[in-house]
Amino acid sequence: PGLVGPVTEFTITGIDTGLELDPDNPLAFQTGIAVANSGVGFVTQTPITIDTDLSAIPLPAGSLLMLTGIGGLVAMRRRRRNG
């Protein structure tokens with residue numbers, strides 16, 4: 001069974017992240033494509049990246065301010081007990 005119509009786009013998924021390929025390097029993802037009924041064609045590769053590093057998520061400024069306030073309250077409480 002052949003294709004019903006022309007293929008206008010496709011996606012390559014499941015690339016092993018352990019290979020540490022650079023998505024900005026055009027030679028990192030070499031793809032062979034066979035063309036039937038050759039004519040004018042143009043191929044582009046656009047990397048779609050997903051950052052899975054949870055440590056890159058910034059702590060909201062409000063949380064930092066709240067922790068500073070709680071630390072101040074604890075310090076004031078200790079001074080009252082000791083003094």
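Presented here is an overview of the structure given in this document.

The rules behind these values
- Residues numbered from 1 in each chain as written.
- Predicted model: local features only at pLDDT ≥ 70, side-chain atom pairs only at ≥ 80, totals over all residues.
- Heavy atoms only, no water.
- Helix = DSSP H or I, 4+ residues; strand = E, 2+ residues; numbered from the N terminus.
- Buried < 20%, exposed > 50% of the residue type's maximum accessible area, 1.4 Å probe, protein only.
- Areas by Shrake-Rupley, 256 points an atom, 1.4 Å probe, with all protein chains shown as cover.
- Patch = residues over 30% accessible without salt bridge, like charges linked within 9 Å, V, L, I, M, F, W, Y side chains within 5 Å.
- Salt bridge = Lys/Arg side-chain N within 4 Å of Asp/Glu carboxyl O.
- Expected span 1.5 Å × (residues − 1).

Topic: the overall build of the chain
Here comes step 1: Regarding its fold elements, the chain presents one helix and zero strands.
Here comes step 2: Burial status across the chain gives 0% buried among its 83 residues.
Here comes step 3: Put simply, the chain shows about 8,500 Å² of open surface, and 59% of that area lies on carbon and sulfur atoms.

A word on unusual backbone geometry
Here comes step 1: With a phi close to 50 degrees, Glu-20 is a non-glycine residue in the positive phi region.
Here comes step 2: In this fold, Glu-20 is placed in the segment before α1 (61-82).

As for a nonpolar patch on the surface
Here comes step 1: A surface patch of nonpolar side chains, amounting to about 760 Å² of accessible area, comprises Val-7, Phe-10, Ile-12, Ile-15, Leu-19, Leu-21, Ile-33 and Val-43.
Here comes step 2: Assignment of secondary structure puts Ile-12 in the segment before α1.

Observations regarding α1
Here comes step 1: Taking 1.5 Å of rise per residue, 22 residues should cover 32 Å, and α1 covers 32 Å from first to last C-alpha, within 8% of that figure.
Here comes step 2: Counting buried positions over the 22 residues of α1 gives zero, only a small fraction of the element.

Remarks on the environment of Thr-46
Here comes step 1: Its place among the elements puts Thr-46 in the segment before α1.
Here comes step 2: Expressed as a C-alpha distance, the spacing of Thr-46 and Thr-11, which sit 35 residues apart in the sequence, is 9.7 Å.

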